[in-house]
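Spelled out from the first residue to the last, the chains are:
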Amino acid sequence: MQVKWKGKDLFDLVCRTLGLRETWFFGLQYDIKDTVAWLKMDKKLQVLDQELPKEEPITLHFLAKFYPENAEEELVQDITQHLFFLQVKKKILDEEIHCPPEASVLLASYAVHAKYGDYDPGVHKPGFLSREELLPKRVINLYQMTAEMWEERITACYAEHRGRTRDEAEMEYLKIAQDLDMYGVNYFFIRNKKGTDLLLGVDALGLHIYEPENKLTPKCSFPWNEIRNISYSDKEFAIKPLDKKTNVFKFNSSRLSVSKLILQLCIGNHDLFMRRRRVDSLEVQQMKAQAREERARKQVERQRLEREKHLREEAERARDELERRLIHLQDEAHMANEALLRSEQTADLLAEKAQIAEEEAKLLAQKAAEAESEMQRIKVTAIRGQEERRLMEQKMLEAEMLALKMAEESERRAKEAQQLKQDLQEARESERRAKHKLLEITSKAVYPPPAMPADTMPADLSFSRENLSFDFKDTDMKRLSMEIEKEKVEYLEKSKHLQEQLNELKTEIESLKLKERETPLDILHSQNAEQGTSKHSNFKKLTLQSTKSRVAFFEEL
């Protein structure tokens with residue numbers, strides 16, 4: 001850096017390094033005496049000329065000094081948009097800009113998309129946002145929700161942004177953020193001529209007067225097109241309205257350095273306000289044309305990438321399918337090999353068993369043959385034995401018959417002899433009287449066969465068994481088939497209107513809010529929402545009154 005350099009030389013160096021052409025929004029900021037100041041472009045880089053702090057080193061911050069009214073229409077370069085996105089995001093997270101919880105979740109989802117691209121459930125798994133700072137601490141403390149619950153809601157919104165580029169996600173972020181009440185407003189403590197403590201807000205639309213405890217809703221506003229001149233003397237500011245019938249109104253700042261800062265912001269915002277309402281300069285027209293060409297080129301490139309991505313995804317799916325089929329075939333081949341191996345082992349085992357069985361069969365056949373021959377021998381022996389036994393039995397029977405006959409004959413002869421003896425005695429004794437009777441034998445002894453004892457047959461035992469019959473009844477269980485109608489609760493298509501998205505998010509988390517942790521600004525925002533008051537509607541309402549009446553109202557605050 002050269003000694004003779006002015007503030008503009010250093011600023012231009014930074015802009016060239018960044019490739020930034022929309023330089024009118026930015027400046028170099030530094031801290032001094034509990035306040036901030038901006039590097040003067042026309043002054044040399046010296047302590048006295050710039051009123052720089054004497055302590056070294058001096059830290060300069062390249063920041064947006066002025067904000068656009070409509071980011072989508074005014075921001076041309078992608079780098080300009082990205083710088084605004086980073087600065088606004090930091091201010092929201094640092095709570096320099098009040099952001100309601102539902103808007104914080106939606107903004108966080110766009111910030112995630114800007115960093116990670118399209119949501120991919122295979123890549124962006126639960127916990128991937130655990131180290132990201134996405135929500136103001138005030139919002140996190142306001143609800144009974146864990147980090148996982150916040151991540152779940154942010155991810156649900158993030159998944160809906162599929163197909164957007166990083167630049168588009170950042171622009172959507174800025175389009176939501178620019179509707180926040182404190183977006184782009186620089187606040188300063190002032191006093192009116194009555195000595196009432198008030199806040200002065202300077203932004204792209206004009207000057208706004210707030211009560212110190214309410215930075216959301218201004219009490220009165222003065223658009224830049226109603227202001228003819230702004231000047232200050234030490235701490236006293238004088239605002240000269242365009243309406244000649246309206247008196248100059250004044251207020252006091254806290255100190256001279258603050259007065260200088262207010263004037264710088266007023267001049268810059270007023271210039272940009274008037275510039276927006278004129279035809280674009282040739283430089284801006286060229287930039288917009290280049291930006292349109294660049295966007296068209298990026299659109300074509302994105303479409304080409306989308307086609308390539310689609311083809312790659314199809315190829316990957318086909319590859320995955322082939323790999324799956326290959327693995328399946330490999331598994332089947334492995335199973336077939338195992339089955340073949342088992343079959344071979346089984347075949348070997350069966351062959352071995354067959355050989356053993358064959359040997360056993362031969363042995364059994366041999367034993368069977370031996371048994372058969374032995375059986376034949378036994379049969380022959382049995383037959384011979386039977387024949388001999390039969391002959392012996394016959395002989396024995398004959399012998400028994402002969403013995404029986406001989407016994408009978410012997411008995412008969414013995415009896416006859418006994419009878420003869422008796423008869424001889426009787427004859428001798430009665431020889432005289434019975435000679436004529438000797439020839440007559442009148443009686444013969446009859447020997448009846450011995451009576452065989454009657455076989456007593458045992459009484460027939462009759463067993464009566466009762467047949468037990470088990471009659472099993474088949475109970476027909478009728479299955480009641482109730483057709484459950486699957487009511488698919490489909491979410492309404494994503495509405496283009498931002499307020500509907502915010503209302504949905506608010507409804508989801510409202511039941512978990514801890515009312516006792518609400519800050520004054522949270523309460524004020526809720527009251528404004530209930531009344532249907534927004535930043536732009538309130539501004540229009542305030543500016544409907546005449547400038548004169550608003551000046552009078554300001555002076556009476």
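In what follows, the structure referred to is the one given above.
Keep in mind that what you see is a predicted model, and the values were worked out from it rather than measured.

Criteria and thresholds
- Residues numbered from 1 in each chain as written.
- Predicted model: local features only at pLDDT ≥ 70, side-chain atom pairs only at ≥ 80, totals over all residues.
- Heavy atoms only, no water.
- Core = buried A, V, L, I, M, F, W, Y, C linked by side-chain atoms within 4.5 Å.
- Buried < 20%, exposed > 50% of the residue type's maximum accessible area, 1.4 Å probe, protein only.
- Helix = DSSP H or I, 4+ residues; strand = E, 2+ residues; numbered from the N terminus.
- Contact = heavy atoms within 4.5 Å.
- Salt bridge = Lys/Arg side-chain N within 4 Å of Asp/Glu carboxyl O.
- Phe/Tyr/Trp six-rings, centres within 6.5 Å; stacked < 30°, edge-to-face > 60°.
- Lys NZ or Arg CZ within 6 Å of the ring centre and 35° of its normal.
- Pairing = 2+ DSSP bridges.
- Axes fitted to C-alpha atoms, helices over the stretch in contact; angles between N-to-C directions.
- Parallel < 35°, antiparallel > 145°, perpendicular 65-115°, else oblique.
- Left-handed = near helix turned anticlockwise from the far one by under 90°.
- Nonpolar A, V, L, I, M, F, W, Y, C, P; charged D, E, K, R; others polar.

(A) Broad picture of the nonpolar core. Counting residues in each nonpolar core, the largest one holds 93 residues, and the members touching the most others are Val 88, Ile 92, Ile 209 and Phe 554. With nine residues, the top contributor of residues to this core is helix H5 (residues 101-116). Apart from the residues within four sequence positions on either side, Ile 92 is in contact with Ile 97, Cys 99, Leu 107, Pro 136, Tyr 173, Ala 177 and Leu 180.

(B) Up close: the pattern of salt bridges. Here the structure, examined in full by the defined rule, presents 33 salt bridges. The closest approach of N and O atoms between Glu 74 and Arg 276, which form a salt bridge, is 2.6 Å. Placement of the pair is Glu 74 in helix H3 (residues 71-74) and Arg 276 in helix H9 (residues 256-276), with a sequence separation of 202 residues. Exposure remark for Glu 74: the relative accessible area of 17% places this residue in the buried category. For Arg 191, the salt bridge goes to Asp 197, with nearest N and O atoms at 2.7 Å. Given the relative accessible area of 42%, Asp 197 is considered partly exposed. Salt bridges sharing common partners tie together Asp 78, Arg 166, Asp 167, Glu 170 and Lys 298.

(C) Region of interest: the packing of aromatic side chains. In the structure shown here, the tally under the stated rule is 17 aromatic pairs. Site record: aromatic cluster; members linked through ring pairs are Phe 11, Trp 24, Phe 25, Phe 26, Phe 62, Tyr 67, Phe 84 and Tyr 183. The lysine or arginine in question, Arg 275, covers the ring of Trp 24, its NZ or CZ lying 4.0 Å from the ring centre.

(D) Expanded view of the pairing of strand S6 (residues 206-210). In terms of burial, S6 is largely enclosed, as five of its five residues are buried. Judged from the four bridges that link them, strand S5 (residues 197-202) and S6 form a sheet pairing that is antiparallel. Residue pairing for S6: Leu 200 is matched across the bridge by Ile 209. If you look at the hairpin formed by S5 and S6, you'll find three residues sitting between the two strands.

(E) Geometry of the side chain of Thr 35. Mapped onto the elements, Thr 35 comes out in strand S2 (residues 35-38). Residue Thr 35 is classed as buried on the basis of its relative accessible area of 17%. Excluding its chain neighbours within four sequence positions, the residues that come into contact with Thr 35 are Tyr 30, Arg 255 and Ser 257.

(F) The arrangement of the sheet that holds S6 in detail. With antiparallel pairing, seven strands are arranged side by side in an open sheet as S7-S6-S5-S4-S10-S9-S8. Each edge of the open sheet is held by one strand with a lone partner, namely strand S7 (220-223) and strand S8 (227-233). This sheet shows a mean twist of 30° between the axes of neighbouring strands, independent of strand direction. Sheet analysis places strand S4 (residues 186-191) next to S5, joined by six bridges and oriented antiparallel. Across the sheet, the residue bridging to Phe 188 is Leu 200, located in S5. Packed on one face of the sheet, H9 meets S4, S5, S6, S8, strand S9 (236-241) and strand S10 (249-253) and runs near 160° to S8. Sheet contacts for helix H15 (residues 547-556): S4, S5, S6, S7, S9 and S10; angle to S7, the most-contacted strand, approximately 135°.

(G) Fine view of the packing of helix H4 (residues 78-93) against helix H8 (residues 166-177). Running from N to C, H4 and H8 cross one another at 50°; their axes reach a closest spacing of 9 Å. Between H4 and H8, the crossing angle belongs to the class labelled oblique. Handedness of the H4/H8 crossing: left-handed. Contacts between H4 and H8 involve Asp 78, Gln 81, His 82, Phe 84, Phe 85, Val 88, Lys 89 and Ile 92 from the former and Arg 166, Asp 167, Glu 168, Glu 170, Met 171, Tyr 173, Leu 174 and Ala 177 from the latter. Per-class residue counts for the contact of H4 with H8 are eight nonpolar, two polar and six charged.

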